[in-house]
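Residue-level structure breakdown
Residues per chain, in single letters:
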Amino acid sequence: MTREAALGVMVAVTIALLGVLVWAWCRRTRRDAALVAPVGEIPAGAATLSAFPTLYVATTRHDEPLERLAIGGLAFRSRSDVTVTDAGVALDLTGKPRVFVAADRIELVAQATVAIDRVVEPEGLVRLAWRLDDGTVVDSYLRPQDASARALADAVAGILPTTQTGTDA
């Protein structure tokens, strides 16, 4: 095989792989099109308790940390600011509308070590389990930048009606 033919094969394989990736992502977005994040502002009169700069890692199916969901505004990893108020938690992802998760939608807050393709030190992620508008429970993973994951988890646990905290492996 000549060098040109080998190059042609490598280019064809690369194009085929990129095509499969695009096709898979399109299928995932179609599959998750019905899932909608609660976009909105923090309710008037809500007191801000704390704020954390974080890296937003992913939102996955509940208790399935390797199954990413392509929910509008939450599909891709991003820098984010998390604001914990007495009414709920606001996620401000760079370039996306604010997602506000009311306290009564939050099922659980825990620390985790793995989500999608991110593995960190033990308990380095915060897993926020919450309900979408249709009642589907999802897990959003956050990695605090200027504070410990425990500090963020404790701040969110403080607004829950009952303490729903834990540690994941």
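What you see is a predicted model; the values in this text were computed from it and never measured. (Residues numbered from 1 in each chain as written. Predicted model: local features only at pLDDT ≥ 70, side-chain atom pairs only at ≥ 80, totals over all residues. Heavy atoms only, no water.)

Right, let's get into the overall build of the chain. Scanning the chain from terminus to terminus reveals two helices and eleven strands. Listing each helix as α and each strand as β along the chain from the N terminus yields α-β-β-β-β-β-β-β-β-β-β-α-β. Taking the principal axes of its C-alpha atoms as reference, the chain extends roughly 70 × 35 × 25 Å. Here the chain, with 169 residues, has 39% of them falling under the buried criterion. For the chain, long-range pairs separated by at least 24 residues make up 63% of all intrachain contacts whose partners lie at least 6 apart in sequence. Of the accessible surface of the chain, which amounts to about 8,900 Å², a share of 59% is contributed by carbon and sulfur atoms. Both charge centroids of the chain, one from 17 positive and one from 20 negative side chains, sit 7 Å from each other. (Helix = DSSP H or I, 4+ residues; strand = E, 2+ residues; numbered from the N terminus. Buried < 20%, exposed > 50% of the residue type's maximum accessible area, 1.4 Å probe, protein only. Contact = heavy atoms within 4.5 Å. Areas by Shrake-Rupley, 256 points an atom, 1.4 Å probe, with all protein chains shown as cover. Lys, Arg positive; Asp, Glu negative; His and termini not counted. Charge placed at Lys NZ, Arg CZ, Asp CG, Glu CD.)

Moving on: the environment of L66. Within the secondary structure layout, L66 lies in strand β2 (residues 64–68). Assessed through its relative accessible area of 62%, L66 is described here as exposed. Considered as a pair, L66 and I116 are 50 residues apart in the sequence and their alpha carbons are 4.4 Å apart.

Positive phi values are uncommon outside glycine, yet D63 reaches one of about 60°. Tracing the backbone shows D63 in the loop between β1 (48–61) and β2. Residue classification places D63 among the exposed residues on the basis of a relative accessible area of 52%. A positive phi angle, near 60°, is found at E123, a position not held by glycine. By secondary structure assignment, the location of E123 is in the loop between β8 (118–119) and β9 (125–131). Exposure remark for E123: the relative accessible area of 32% places this residue in the partly exposed category.

A regular strand places its side chains on the two faces of the sheet in alternate fashion. Counting buried positions along β9 gives six out of seven residues, so the element sits mostly inside the fold. For strand β6 (residues 106–112) and β9, the ladder comprises six bridges, and the chain directions are antiparallel. By the bridge assignment, L108 is partnered in β9 with A129. Hairpin connection from β9 to strand β10 (residues 137–144): five residues lie between these consecutive antiparallel strands, with G135 at a positive phi of about 95°. (Pairing = 2+ DSSP bridges.)

According to the stated counting rule, one finds eleven salt bridges in the structure shown. Here E67 ties to R31 by a salt bridge, and the two come within 2.9 Å at their closest N and O atoms. On the criterion of sequence distance, the pair formed by E67 in strand β2 and R31 in helix α1 (residues 3–31) is long-range, its members being 36 residues apart. Its salt-bridge partner being R131, residue E107 comes within 2.3 Å of it at the nearest N-O pair. Placement of the pair is E107 in strand β6 and R131 in strand β9, with a sequence separation of 24 residues. (Salt bridge = Lys/Arg side-chain N within 4 Å of Asp/Glu carboxyl O.)

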